[in-house]
Amino acid sequence: MRRVIVRRSPVHGKGVFAMHALSAGERVLEYKGEITTWRNAVRRHQREGVEGHTFLFGLSDGRVIDGSRGGNSARWLNHACQPNCEAIEDERGRVFIHTLRPIDAGEELFFDYLLAVDDPEDEEARAQYACACTALDCRRSMLADVP
């Protein structure tokens, strides 16, 4: 039985939505894509103009999953400052999306991107990562460390 569907999101572009109710702590899907170095992934995204989307998922060993290459529906998960899902990396470097609370059928799935940039003081760079989640406690940024 299919658990999620990708469709237009009221938050940003496409989003991932629950096809039926999901329980708290449920493993929903794996974040898939080509595993490569940050350097290769960033170079590719600059060359191919993949602007406005964040398909790169950093791994604890310094590599990255590039969801734009061989990725699945998980690449369309949008950011929220009060997410209903979390990403958990296992010991083999695979990343799985788990629910943080019960989720209703039709509800959009979100996780906190917690992005990092080289120069967090650069206002232009920070503006590229503005948050659109509309949560009451929205920090107005997809960045992990917002001054």
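Not measured: the values here are computed from a predicted model.

Chemist: Looking at this model, I keep getting lost on the overall build of the protein. Mind explaining?
Modeler: Along the backbone of the protein there are two helices and 10 strands. When the helices and strands of the protein are read in sequence order from the N terminus, they spell out β-β-β-β-α-β-β-β-β-β-β-α. Its C-alpha radius of gyration of 15 Å places the protein within 12% of the 15 Å reference for a compact globule of 147 residues. Judged by the C-alpha coordinates and their principal axes, the protein covers about 40 × 35 × 30 Å. Within the protein, buried positions represent 40% of all 147 residues. Taking all contacts inside the protein whose residues are at least 6 apart in sequence as the whole, residues at least 24 apart take part in 63%. Surface summary for the protein: the accessible area is close to 8600 Å², and the carbon and sulfur share equals 48%. Distance between charge centroids for the protein: 8 Å, based on 20 positive and 23 negative side chains.

Chemist: How should the nonpolar core be read in this particular structure?
Modeler: The nonpolar side chains of a soluble globular protein tend to be buried with one another. Of all hydrophobic cores here, the largest spans 24 residues; its most connected members are Tyr31, Leu77 and Leu109. Of all elements in the fold, only strand S2 (14-18), strand S3 (27-31), strand S9 (95-99) and strand S10 (108-111) reach the threshold of two or more residues within this core. No other element matches the three residues that S3 contributes to this core. In terms of nonpolar packing, the next biggest core, distinct from the first, is built from seven residues, Ala80, Cys81, Cys131 and Cys138 among them.

Chemist: Would you mind showing me how to read the sheet that holds S10 here?
Modeler: Hydrogen bonds between backbone groups are what pair the strands of a sheet, and the pairing can be parallel or antiparallel. Taken together, four strands build an open sheet; the order of strands is S1-S2-S10-S7 and the sheet is mixed. In this open sheet, the two edge strands, each paired with only one partner strand, are strand S1 (4-8) and strand S7 (78-79). As defined by bridge partners, S2 adjoins S10 across two bridges and the pair is classed as antiparallel. Its bridge partner lying in S10, Phe17 is registered against Glu108.

Chemist: For this particular structure, what's the right way to read helix H1 (residues 38-48)?
Modeler: Residues lying three or four places apart along an α-helix face the same way, a consequence of the helix completing one turn every 3.6 residues. For H1, every residue scored as buried is listed here: Ala41, Arg44 and His45. Mapping the buried residues of H1 onto a view down its axis gives an arc of 95°, with all of them on the same face. Seen from the buried face of H1, the exposed residues on the opposite side, beyond 90 degrees, are Arg39, Gln46 and Arg47. The inward-facing, buried residues of H1 abut strand S4 (34-37), strand S5 (56-58) and strand S6 (63-66).

Chemist: Got a minute to help me understand the side chain of Ser9 in this structure?
Modeler: Structurally, Ser9 can be placed in the loop between S1 and S2. Taking the relative accessible area as the measure of exposure, Ser9 reaches 5% and is therefore buried. A distance of 3.4 Å separates a polar atom in the side chain of Ser9 from the backbone nitrogen of His12.

Cut-offs and rules
Residues numbered from 1 in each chain as written. Predicted model: local features only at pLDDT ≥ 70, side-chain atom pairs only at ≥ 80, totals over all residues. Heavy atoms only, no water. Helix = DSSP H or I, 4+ residues; strand = E, 2+ residues; numbered from the N terminus. Rg over C-alpha atoms; globule rule 2.2 N^0.38 Å. Buried < 20%, exposed > 50% of the residue type's maximum accessible area, 1.4 Å probe, protein only. Contact = heavy atoms within 4.5 Å. Areas by Shrake-Rupley, 256 points an atom, 1.4 Å probe, with all protein chains shown as cover. Lys, Arg positive; Asp, Glu negative; His and termini not counted. Charge placed at Lys NZ, Arg CZ, Asp CG, Glu CD. Core = buried A, V, L, I, M, F, W, Y, C linked by side-chain atoms within 4.5 Å. Pairing = 2+ DSSP bridges. Arc of directions from axis to C-beta. Polar contact = N/O pair within 3.5 Å; in protein donor to acceptor, adjacent residues only side chain to side chain.

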